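Commentary on secondary and tertiary structure
Residue-level listing of the chains:
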Amino acid sequence: MRILVFDIGNTQIKMGVYDQKELIASWRLTTSCDKTTDEYGVDIRMLLGYENIEAESIDYVAVSSVVPALMHSFVGAVRRYLHKEPLVVGPGIRTGIRIKTANPAEVGADLICDVAAGLEKYGAPLLIVDFGTVTKYEVINQDREFVYAVFSPGLGVSAKAMSDSAAQLPGIEIRKPKKILTSVTAECMQAGLVYGYIGQVEYIVDLIRKEMAMPDMKVVATGGFGRLFGNEIEQIDTYDSNLTLDGLRIIAERNIGRSGR
């Protein structure tokens, strides 16, 4: 069975094809609310074709999204160009996770996918740090319940805020300088941004572990900027680049055969 999954984020859309449980191809698209159904449909068909994956070989499609504004055109593209009714992660579907936050209905689809994959791949208790447009700290207790989340501005947001708010500061590439002390303006910005972010993540992880009374809680990083920190932050045990896509595949498998899909 082949499952096509889409994780629609504020900045990028991650797309992947699973053959059984193996991710055989993946891509990233820029998130755009201006694209039409046809534009998204053509993009999807072209990317599949580039990897010699026939659209007709796709058995099931699953979508998670934190951008409601583009869902009409995107779901329409799946229906028109893949001839499938997509599973959209949200209320009423089988996720296999227990959400014990104050308002479960507010929990984003991307967090649900992260937690579903985290539990299956790494067990509990677990702390997932998802480095995206927003950095999300997702706390799963020893009873395998998703209980808390902490949000902070992502690296890209912070970098853009610096250059947009200060006329003499340029846009910069996000990377870690060899040392924090430098006299080059771009490197000064990179140093403060990246080294400062490392300190922030270390402090938040330590505080979560302390408040949970779980000093050895496993920490898994994911998300676009997670690769930058995988080997930089001692508290991070594993970097898993495909955690959200894996969660979409897991949730899709739990819903196959329901509602006529």
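Remember, it's a predicted structure, so these values are computed and weren't measured experimentally.

A few words now on the overall build of the protein chain. Assigned secondary structure in the protein chain consists of seven helices and 11 strands. In terms of overall dimensions, the protein chain is globule-like: its C-alpha atoms have a radius of gyration of 19 Å, near the 18 Å expected for 261 residues. Across the 261 residues that make up the protein chain, the buried fraction comes to 48%. In the protein chain, of all internal contacts separated by at least 6 residues, the share reaching a separation of at least 24 is 59%. Accessible area for the protein chain stands at about 12,900 Å²; split by element, carbon and sulfur atoms hold 49% of it. In the protein chain, 28 positive and 33 negative side-chain charges are present, and the distance between their average locations comes to 2 Å.

Our next topic: the pairing of strand β8 (residues 134-140). Each regular strand shows side chains that alternate between the opposite faces of the sheet. Counting buried residues in β8 gives six out of seven residues, a clear majority hidden from the surface. Bridge count for strand β7 (residues 126-131) against β8 is six bridges, and the pairing is antiparallel. Counted as the bridge partner of Leu126 is Ile140 from β8. Between β7 and β8, which pair antiparallel and follow one another directly, the connecting turn spans two residues.

Our focus in this paragraph is the pairing of strand β3 (residues 22-30). Here eight bridges tie strand β2 (residues 12-19) to β3, and the two strands are oriented antiparallel to one another. Each residue of the ladder has a partner; that of Gln12, found in β3, is Thr30. Adjacent in sequence and paired antiparallel, β2 and β3 are bridged by two residues, among which Gln20 carries a positive phi angle near 60 degrees.

With that out of the way, let us pick up the environment of Ile99. On the secondary structure map, Ile99 appears in strand β6 (residues 98-99). Residue classification places Ile99 among the partly exposed residues on the basis of a relative accessible area of 21%. Residues Ile99 and Ile13, 86 residues apart in the sequence, show an inter-C-alpha distance of 25 Å.

Our focus in this paragraph is the pattern of salt bridges. Using the criterion set out here, one finds 15 salt bridges in the structure. Across the salt bridge formed by Arg45 and Glu56, the nearest N and O atoms sit 3.6 Å from each other. On the criterion of sequence distance, the pair formed by Arg45 in helix α1 (residues 37-50) and Glu56 in the loop between α1 and β4 (60-65) is long-range, its members being 11 residues apart. Between Arg79 and Glu85 there is a salt bridge, with the nearest N and O atoms lying 2.9 Å from each other. On the basis of relative accessibility, which here comes to 44%, the residue Arg79 falls in the partly exposed class.

What counts, and where the lines are drawn
- Residues numbered from 1 in each chain as written.
- Predicted model: local features only at pLDDT ≥ 70, side-chain atom pairs only at ≥ 80, totals over all residues.
- Heavy atoms only, no water.
- Helix = DSSP H or I, 4+ residues; strand = E, 2+ residues; numbered from the N terminus.
- Rg over C-alpha atoms; globule rule 2.2 N^0.38 Å.
- Buried < 20%, exposed > 50% of the residue type's maximum accessible area, 1.4 Å probe, protein only.
- Contact = heavy atoms within 4.5 Å.
- Areas by Shrake-Rupley, 256 points an atom, 1.4 Å probe, with all protein chains shown as cover.
- Lys, Arg positive; Asp, Glu negative; His and termini not counted.
- Charge placed at Lys NZ, Arg CZ, Asp CG, Glu CD.
- Pairing = 2+ DSSP bridges.
- Salt bridge = Lys/Arg side-chain N within 4 Å of Asp/Glu carboxyl O.

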